[in-house]
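Residue-level structure breakdown
Here is how the chains run, residue by residue.
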Amino acid sequence: MAASWRLGCDPRLLRCLLGFRGRRSPGLVKGAAGCSGCRVANWRWFHSTQWMHGDPIKILMPSLSPTMEEGNIVKWLKKEGEAVSAGDALCEIETDKAVVTLDAGDDGILAKIVVEEGAKNIRLGSLIGLMVEEGEDWKHVEIPKDVGPPSPAAKPSVPHPPPEPPISIPVQKEHTPGKLQFRVSPAARSILDKHALDASEGTATGPRGIFTKEDALKLVELKQMDKITESKPMPVPLVPPTTPTAPLPTPATGGPSYPRPMIPPVSTPGQPNAVGTFSEIPASSIRRVIAKRLTESKSTVPHAYATTDCDVGAILKVRQDLVKDDIKVSVNDFIIKAAAVTLKQMPDVNVSWDGEGPKQLPFIDISVAVATDKGLITPIIKNAAAKGIQEIADSVKALSKKARDGKLLPEEYQGGSFSISNLGMFGIDEFIAVINPPQACILAVGRFRPVLKLTQDEEGNAKLQQHQLVTVTMSSDSRVVDDELATRFLKNFKANLENPFRLA
């Protein structure tokens, strides 16, 4: 207390001198950082006439996911002048995956909201708000000049290759205008050259307008009889005519005379679409990232596909028994468990490709595709091989609800070693899914359907029996999971899924 009094009764300066600096979150940056900043701050405390006004705490757009490049301010949860405690939610930020809250890392007052809610495409590192410490005048805080995001590093200049020497192009002889060109057979050409005749003086009767040997002999016979007349054949020309043709006159219309644009104009928002216009659909950050990643996946990852049918009759019986005990699980929960157990049996499939080579993953985390209004997102069932069916079912329900509400945390959808996409609830029999890099595989699951199959009973008699089949298709990265490995994986997956007791 005595030290605090001797230094102007300011506990902040005492903390700075003793090294007890406040905790900062990744999105909150002090105006002066490090030891040099501490010395500058000390000098200001003692020598500035406005020593009560410290540097504001910058609130920057943070990176909330590995693939995030921009963010949208959905809503500010604090108002200007409102006190903020460490851990309080400042605002909601829409990333490329979900809506995440940005928490304060220190106590203080929200002095200035630089970027209003609803703003879109805010680059990482951009200033979105300012905080001051308790006791400072928040109403007169000034926005720093360096409010933009960090400038990207300058790209090294690439030396231009020396200009290539000009290549002489042989001049092609132009055909005489008005003379029809023929495709002449070799035998006919020999006859025409021998008798100094031109094929245009005869008639081509061969298939596709070819001037044949018989046509050449007939032309020689006409020449000997002095009966060569100008004929007007209709052969297929070799070269399209190069003479410019006059454009057809356009009929006069009552509208204005201007060329039709190549791209139709955008319609006016809030008004019915006019003829020849279209309406722009605003793309969310999630939609743009999904489009980018799918394009990169299909263009850079060599996809291979393998399909098999699995009999889920035994699983349906187990489900009925569980319902009697008031335990509700879905077929997809069994599929997640079967995939995790198979990955544990075959760790060579539990790999990823990071751009330089394959990596063996020590964990079995299953990404489950969930459709939301903003796009597709894949929450992760962590350590799925060690969880029971009911635990997997509870995790899927909880994560799916958070995904649809946009409340998933980054650690709940980042990572994963294997993906599963199920469209069976939409009546889809089978489909092919796109791999989610850096993962190596994704399993596409269709609906289960009744199929009659001819089987044999215990006495060897043939009989028709109904089976409940589901078609699964695995897309695999051929760089790390070849066709033989993918086939063995599906074989083991089928055996595990058709025998639920192997999943225990």
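These notes cover the structure that comes with them. Remember, predicted model here, so these are calculated numbers, not experimental data.

A word on the environment of E117. Among the structural elements, E117 can be located in the loop between strand 7 (108-113) and strand 8 (122-123). Considering only alpha carbons, one finds E117 and V74, 43 residues apart in sequence, at a separation of 5.5 Å. Setting aside its immediate chain neighbours within four residues, E117 contacts I73, V74, K75 and W76. Of note is the side chain of E117, whose polar atom sits 3.0 Å from the backbone nitrogen of W76.

What follows deals with the sheet that holds strand 12 (residues 303-311). Strand order across the open sheet formed by six strands is 12-21-20-19-15-18, with mixed pairing between neighbours. If you trace the sheet from one side to the other, it starts and ends with strand 12 and strand 18 (380-381), each paired once. As paired strands, strand 15 (residues 366-368) and strand 19 (residues 418-422) are joined by three bridges and run parallel to one another. The residue of strand 19 that forms the bridge with I366 is F418.

What follows covers the sheet that holds strand 5 (residues 89-94). Taken together, four strands build an open sheet; the order of strands is 6-5-3-8 and the sheet is antiparallel. Two strands lie at the open edges of the sheet, namely strand 6 (99-103) and strand 8, each paired on one side alone. One ladder, built from five bridges, connects strand 5 with strand 6; its direction is antiparallel. Note that in strand 6 the partner of E94 across the bridge is V99.

Turning our attention to helix 9 (residues 389-405). Between its first and last C-alpha atoms helix 9 spans 24 Å; for 17 residues at 1.5 Å apiece the expected length is 24 Å, and the two agree. Within helix 9, burial applies to I389, I392, A393, S395, V396, L399, S400 and A403. In a view along the axis of helix 9, the buried residues occupy a sector of 165°, so they form one face of it. Where helix 9 is buried, its residues contact helix 8 (331-345), strand 16 (370-372), strand 17 (375-377) and strand 18. Downstream of helix 9 by one or two residues, G406 has phi in the positive range, about 70°.

Now for the packing of helix 8 against helix 9. Contact geometry for helix 8 and helix 9: axes closest at 9 Å, N-to-C directions at 115°. By the angle between their directions, the pair helix 8 and helix 9 is classed as roughly perpendicular. When you trace helix 8 past helix 9, the crossing you get is right-handed. Across from D333, F334, I336 and K337 in helix 8, the residues of helix 9 making contact are I389, I392, A393 and V396. Of the residues that constitute the contact of helix 8 with helix 9, the class distribution is six nonpolar, no polar and two charged.

Moving on: helix 6 (residues 285-300). Between the first and last C-alpha of helix 6 there are 22 Å, a value that for 16 residues agrees with the 22 Å anticipated at 1.5 Å per step. Buried within helix 6 we find S285, I286, V289 and S297. Taken down its axis, helix 6 places every buried residue within 90° of arc, on the same side. Summarising the geometry of helix 6, the exposed residues directed more than 90 degrees from the buried face are T295 and S299. Buried residues along helix 6 sit in contact with strand 3 (70-76), strand 5, strand 12 and strand 17.

Evaluated as defined, the whole model comprises 14 salt bridges. One salt bridge in this structure joins D477 and R479, with 2.8 Å as the shortest N-O distance. Classification of R479 as partly exposed rests on a relative accessible area of 35%. Between E484 and R488 there is a salt bridge, and its shortest N-O distance comes to 2.7 Å. Of this pair, E484 and R488 both sit in helix 10 (residues 483-498), separated by four residues, roughly a single helical turn. Judged by its relative accessible area of 46%, E484 is partly exposed.

With that settled, consider the environment of I389. Secondary-structure assignment places I389 in helix 9. Distance from I389 to I335, taken between C-alpha atoms, is 9.8 Å for residues 54 residues apart in sequence. Once residues lying within four places of it in the same chain are set aside, the contact partners of I389 are V329, D333, F334 and K337.

All right, on to a nonpolar patch on the surface then. A surface patch of nonpolar side chains, about 330 Å² in accessible area, is lined by M425, F426 and I428. Inspection of the secondary structure puts M425 in the loop between strand 19 and strand 20 (441-456).

This part covers the pairing of strand 5. Strand 5 sits mainly inside the fold: five of its six residues count as buried. Examined bridge by bridge, strand 3 and strand 5 share four bridges and lie antiparallel to one another. Note on strand 5: the bridge partner recorded for W76 is C91. Between the end of strand 5 and the start of strand 6, which pair antiparallel, lie four residues.

A full pass over the atoms with the stated rule returns one aromatic pair. On the basis of an interplanar angle of 40° and a centroid distance of 5.6 Å, the ring pair of F418 and F489 is categorised as tilted. You can see F418 sitting in strand 19 and its partner F489 sitting in helix 10, a full 71 residues away along the chain. For F418, a relative accessible area of 0% translates into the label buried. Residue classification places F489 among the buried positions, given a relative accessible area of 0%.

Rules of the game
- Residues numbered from 1 in each chain as written.
- Predicted model: local features only at pLDDT ≥ 70, side-chain atom pairs only at ≥ 80, totals over all residues.
- Heavy atoms only, no water.
- Helix = DSSP H or I, 4+ residues; strand = E, 2+ residues; numbered from the N terminus.
- Contact = heavy atoms within 4.5 Å.
- Polar contact = N/O pair within 3.5 Å; in protein donor to acceptor, adjacent residues only side chain to side chain.
- Pairing = 2+ DSSP bridges.
- Expected span 1.5 Å × (residues − 1).
- Buried < 20%, exposed > 50% of the residue type's maximum accessible area, 1.4 Å probe, protein only.
- Arc of directions from axis to C-beta.
- Axes fitted to C-alpha atoms, helices over the stretch in contact; angles between N-to-C directions.
- Parallel < 35°, antiparallel > 145°, perpendicular 65-115°, else oblique.
- Left-handed = near helix turned anticlockwise from the far one by under 90°.
- Nonpolar A, V, L, I, M, F, W, Y, C, P; charged D, E, K, R; others polar.
- Salt bridge = Lys/Arg side-chain N within 4 Å of Asp/Glu carboxyl O.
- Patch = residues over 30% accessible without salt bridge, like charges linked within 9 Å, V, L, I, M, F, W, Y side chains within 5 Å.
- Areas by Shrake-Rupley, 256 points an atom, 1.4 Å probe, with all protein chains shown as cover.
- Phe/Tyr/Trp six-rings, centres within 6.5 Å; stacked < 30°, edge-to-face > 60°.

So, to be careful, I would describe these as geometric facts and stop short of saying anything about function.
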